[in-house]
Amino acid sequence: MLAMRNLLSIALALPLLCSLAPPAFARQDVSVDPDAELAPEDRAALRDEREAAELRRRRGDARAAIALYDQHLSDEPRDVESRALRALARRDNGDLRGAWEDVAAAFEQAFPQAGTALGGAEARARVARIALELGTERGRADELEPRLQRGA
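### Considering the nonpolar core
It is characteristic of soluble globular proteins that their nonpolar side chains tend to be buried jointly.
Argument step 1. In terms of nonpolar packing, the biggest core is built from 28 residues, with Val-103, Phe-107, Phe-111, Val-127, Ile-130 and Leu-134 touching the most fellow members.
Argument step 2. Sorting the residues of this core by element identifies helix H4 (62-75), helix H5 (80-92), helix H6 (96-110), helix H7 (121-137) and helix H8 (141-150) as the ones contributing at least two each.
Argument step 3. Sort the elements by how many residues they give to this core and H7 lands first, with seven residues.

### A few points about the environment of Trp-100
Argument step 1. Mapped onto the fold, Trp-100 is located in helix H6.
Argument step 2. Placed 13 residues apart in sequence, Trp-100 and Ala-87 show a C-alpha to C-alpha distance of 6.7 Å.
Argument step 3. Once you skip the residues sitting within four places of it in the chain, Trp-100 turns out to touch Ala-131, Leu-134, Gly-135, Arg-138, Arg-140, Glu-143 and Leu-144.

### Here we look at the packing of helix H3 (residues 40-58) against H5
Argument step 1. At a minimum axis distance of 10 Å, the contact between H3 and H5 shows a crossing angle of 20°. Compared by their axis directions, H3 and H5 come out roughly parallel. The way H3 lies across H5 gives a crossing that is left-handed. For the pair H3 and H5, contact is made by Arg-50, Glu-54 and Arg-57 and by Glu-81, Ser-82, Leu-85, Leu-88, Ala-89, Arg-91 and Asp-92, respectively.
Argument step 2. Class assignment for the residues of the contact of H3 with H5 results in three nonpolar, one polar and six charged.

### With respect to the pattern of salt bridges
Argument step 1. Counting across every chain of the model gives 16 salt bridges.
Argument step 2. Taking the shortest distance from any N to any O, the salt bridge between Glu-81 and Arg-126 comes out at 2.8 Å. Placement of Glu-81 in helix H5 and of Arg-126 in helix H7 is noted, with a sequence separation of 45 residues between them.
Argument step 3. Using a relative accessible area of 13% as the deciding quantity, one classes Glu-81 as buried.
Argument step 4. Between Arg-129 and Glu-133 there is a salt bridge, with the nearest N and O atoms lying 3.3 Å from each other. Here Arg-129 pairs with Glu-133, and both are found in helix H7, just four residues apart, close to one helical turn.
Argument step 5. Among the residues examined, Arg-129 registers a relative accessible area of 38% and is labelled partly exposed.
Argument step 6. The network of salt bridges with common partners includes Glu-54, Arg-57, Arg-91, Asp-92, Arg-129, Glu-133 and Glu-137.

### Brief notes about the packing of aromatic side chains
Argument step 1. Considering all chains together, one arrives at one aromatic pair under this definition.
Argument step 2. Centre to centre, the rings of Phe-107 and Phe-111 are 5.0 Å apart; their planes meet at 35°, and the pair counts as tilted.
Argument step 3. A relative accessible area of 4% means that Phe-107 is categorised as buried.

So, how was this worked out
Residues numbered from 1 in each chain as written. Predicted model: local features only at pLDDT ≥ 70, side-chain atom pairs only at ≥ 80, totals over all residues. Heavy atoms only, no water. Core = buried A, V, L, I, M, F, W, Y, C linked by side-chain atoms within 4.5 Å. Buried < 20%, exposed > 50% of the residue type's maximum accessible area, 1.4 Å probe, protein only. Helix = DSSP H or I, 4+ residues; strand = E, 2+ residues; numbered from the N terminus. Contact = heavy atoms within 4.5 Å. Axes fitted to C-alpha atoms, helices over the stretch in contact; angles between N-to-C directions. Parallel < 35°, antiparallel > 145°, perpendicular 65-115°, else oblique. Left-handed = near helix turned anticlockwise from the far one by under 90°. Nonpolar A, V, L, I, M, F, W, Y, C, P; charged D, E, K, R; others polar. Salt bridge = Lys/Arg side-chain N within 4 Å of Asp/Glu carboxyl O. Phe/Tyr/Trp six-rings, centres within 6.5 Å; stacked < 30°, edge-to-face > 60°.

Read these as layout, nothing more, since geometry by itself doesn't imply function.
Below is the structure:
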């Protein structure tokens, strides 16, 4: 029964995510991409670090991924995409509370109630997807959907 409810939540959320076109998802006047402030070589290095950590996670070494994300986020605390990805690694490592804390923080930065959103369109889309995935697993996706619908 719970699995069916989770699948239903995902099925209902996917059209919502697909309907959010990048211009509405990252309105220029209300969002800022911290990576855009970096020199191109620094952006590339941060992207490579993020990819290396995600590769470790996908290969089953969640602890190593978490360590890489921790180091990365100590250098770039406003990187909402890496914070959301660390949530997946924490979940894979059995730290469900920490996973939810990370994804909630990333979601709050990417989709604030008020103020400036962090992250470019792609990063914010990834944060939304991960937040809905973990929210659905915890039965809390309904808390996220209203803010996604507003395109906050």
